[in-house]
Amino acid sequence: MEEKSKIKLGISIGDLNGIGCEVALKTFEDSRMLDFCTPVIFASNKTISHQMKVLGLNITFNGVPSASKAIDNKLNIVNVWKEVPRVHFGQANEEGGKYALKSLFAAVDALKKGEIDVLVTAPINKNNIQSDEFKFPGHTDYLAQELDGESLMFMVTDTLKIGLLTDHVAVKDVSSAIIPRLIRDKVNTIEKSLKMDFGIRKPKIALLGINPHSGDNGVIGKEDDEVLKPVINEMANMGHLVYGPYSADSFFGSDGYKKFDAILAAYHDQGLIPFKTISFGQGVNFTAGLNKVRTSPDHGTAYEIAGKGVADASSFKEAVFMALKIFKNRTEYQELTKDVLKKQRQKRER
C-alpha cells in the first residue's frame, strides 16, 4: 500500500473520572509511537494538562481546532470544549458522562468526515453517559447507528478472536433473540472481517451452543437442535467453513479453539469470560462489519485505581496497533478486490 501520510488515529477519552486519559497518554508517552500514526485526542488542552499534572506525566502536545489540522510526529489535542470540567477520580457522576459524550460525538463526527482514519475509544460508564442524545447500552450500538454496515462485537488478539451473536442483551432474552437470520448475518459478518481485516483467505468459524452441553439432544433445551444446527448445516452446504454447535464449558479448556480462526459465542459472558481469562491486558474490542475502523481496550473505567497513576496501558496500546493493522489490511484488501473486479469486467468486455 502506498501511504501519502501517516494514519490519523482519533481517540475519544471516555469517562474523565476513570483511567481513559491515563492509558491514552501513557501510550504516547513513548515518542516512538508517533512513528506509527498521528494521534488526535478529542478533549481540550486544559483537560489534558490537568490529567498530566495529577498523573505525573510530562508529554508535549499540540492543540488544534480540528483533526484536519493535526500535525505528524506530535500528539494532537482537538479542543472540543473551552471550560474546565471538574474531575473527581473514581466517582461515577454526571460530569464524567457529559464530557465522555462530548468527546465521543466529536470523534465520530471527525471519523465520518474522513478527518481521522480510525477511532480508538477509551472506556465509558454505560450509566452516566445516558442522555436524550445517547440511549445505547454501549459504543457498539451507537456506532452501528452512525456508521454504515452490520456491526459485530469482535474481541480479538493475534491468536484468539471471539465474536458475539448477541452482545448487551439480558440473559433471559438471549434464546429468543437468536433466530436464523441473525445467525446467518453474524457468520457472514465475521467471515468477511476475517478475510478483509485479518487477511485470512478461508476462515474456519466455530459456533458455541446456546444451552449447557449444546442442549444434550434436547434434554436441556431445544434451541441448539432446532435453530443453530439447521443454519450451520445450511451454511456449510453453501461452502462456508462453519462448525458446531460446541459445548462452551469444555471448548476453551481443551484448546479446541486453536483449530479455528474465530469463535462465535451465543451471548456476552459466554464469549468474554474465556477471552478475558486467556488474553486480559492484551485483548482488543473491535467493532467489525462497519465501514470505519473502531477499536477499544478490553477493560472498563477502573474507577478503583483512577488518578493514582498505576493503570496499565497495555490493552490500549494493543487497541492502537490493532486499529492500524486492520486499517492497512482493509485498504490492501479493497485495492486487491478492486483490481480483480476490474479484470473480470475487462474480460467480459472482450
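The structure this text deals with has already been given above.
What counts and how
Residues numbered from 1 in each chain as written. Predicted model: local features only at pLDDT ≥ 70, side-chain atom pairs only at ≥ 80, totals over all residues. Heavy atoms only, no water. Disulfide = S-S within 2.5 Å. Buried < 20%, exposed > 50% of the residue type's maximum accessible area, 1.4 Å probe, protein only. Pairing = 2+ DSSP bridges. Helix = DSSP H or I, 4+ residues; strand = E, 2+ residues; numbered from the N terminus. Axes fitted to C-alpha atoms, helices over the stretch in contact; angles between N-to-C directions. Core = buried A, V, L, I, M, F, W, Y, C linked by side-chain atoms within 4.5 Å. Phe/Tyr/Trp six-rings, centres within 6.5 Å; stacked < 30°, edge-to-face > 60°. Lys NZ or Arg CZ within 6 Å of the ring centre and 35° of its normal. Salt bridge = Lys/Arg side-chain N within 4 Å of Asp/Glu carboxyl O. Arc of directions from axis to C-beta.

Q: Would you take a moment to explain the state of the cysteines for this structure?
A: What makes a disulfide is a covalent bond joining the sulfur atoms belonging to two cysteines. Under the definition given, this model contains zero disulfides. The thiol of Cys-21 is not disulfide-bonded; the next cysteine sulfur, from Cys-37, is found 17 Å away. Judged by relative accessible area, Cys-21 falls into the buried class, the value being 2%.

Q: Help me out: how do you make sense of the sheet that holds strand β5 (residues 118-121) in this one?
A: Strands pair in a sheet through their backbones, by hydrogen bonds, and they do so in one of two ways: parallel or antiparallel. Strand order in the open sheet made by the twelve strands is β3-β4-β2-β1-β5-β12-β11-β6-β7-β10-β8-β9, with mixed pairing throughout. Sheet topology places β3 (61-64) and β9 (242-246) at the edges, where each strand pairs with a single neighbour. Averaged over all neighbouring strand pairs, the angle between strand axes comes to 25°, with direction disregarded. Strand direction decides the pairing type here: β5 and strand β12 (residues 293-297), joined by three bridges, are parallel. In the sheet register, Val-120 faces β12, and the bridge partner there is Thr-295.

Q: Would you mind going over the nonpolar core with me for this structure?
A: It is characteristic of soluble globular proteins that their nonpolar side chains tend to be buried jointly. Counting residues in hydrophobic clusters, the biggest one holds 68 residues, and the most contacted among them are Leu-9 and Phe-154. Among the nonpolar cores identified, the runner-up in size contains 23 residues, and Val-64, Ala-67, Ala-70 and Ala-100 belong to it.

Q: I tried to follow the packing of aromatic side chains on my own but got confused; where do I start?
A: To describe a pair of aromatic rings, one takes the distance between the centres and the angle between the planes. For the structure on display, the rule yields 14 aromatic pairs. Where Phe-251 meets Phe-260, the ring centres are 6.0 Å apart and the plane angle is 35°; that geometry is what we call tilted. The two residues Phe-251 and Phe-260 agree in class, both being buried. An aromatic cluster is defined as three or more aromatic residues linked by ring pairs; in this entry it consists of Tyr-243, Tyr-246, Phe-251, Phe-252, Tyr-257 and Phe-260. Taking the ring centre of Phe-198 as reference, the NZ or CZ of Lys-161 above it sits at 4.9 Å. A cation over a ring is seen here: Lys-204 above Phe-260, with NZ or CZ 5.4 Å from the ring centre.

Q: I would appreciate a short explanation of the pattern of salt bridges in the present structure.
A: Under the criterion given, the structure shown has eleven salt bridges. For the salt bridge of Asp-109 with Lys-113, the shortest nitrogen-to-oxygen distance reads 3.1 Å. Separated by four residues within a single helix, Asp-109 and Lys-113 lie in helix α3 (residues 94-113), roughly one turn from each other. Since its relative accessible area comes to 56%, Lys-113 is described here as exposed.

Q: How should I be thinking about helix α4 (residues 139-146) in this particular structure?
A: Given 3.6 residues to a turn, an α-helix orients residues that are three or four positions apart in the same direction. Of the residues making up α4, those classed as buried are His-139, Thr-140, Tyr-142 and Leu-143. Taken around the axis of α4, the buried residues stretch over an arc of 165°, which confines them to a single face.

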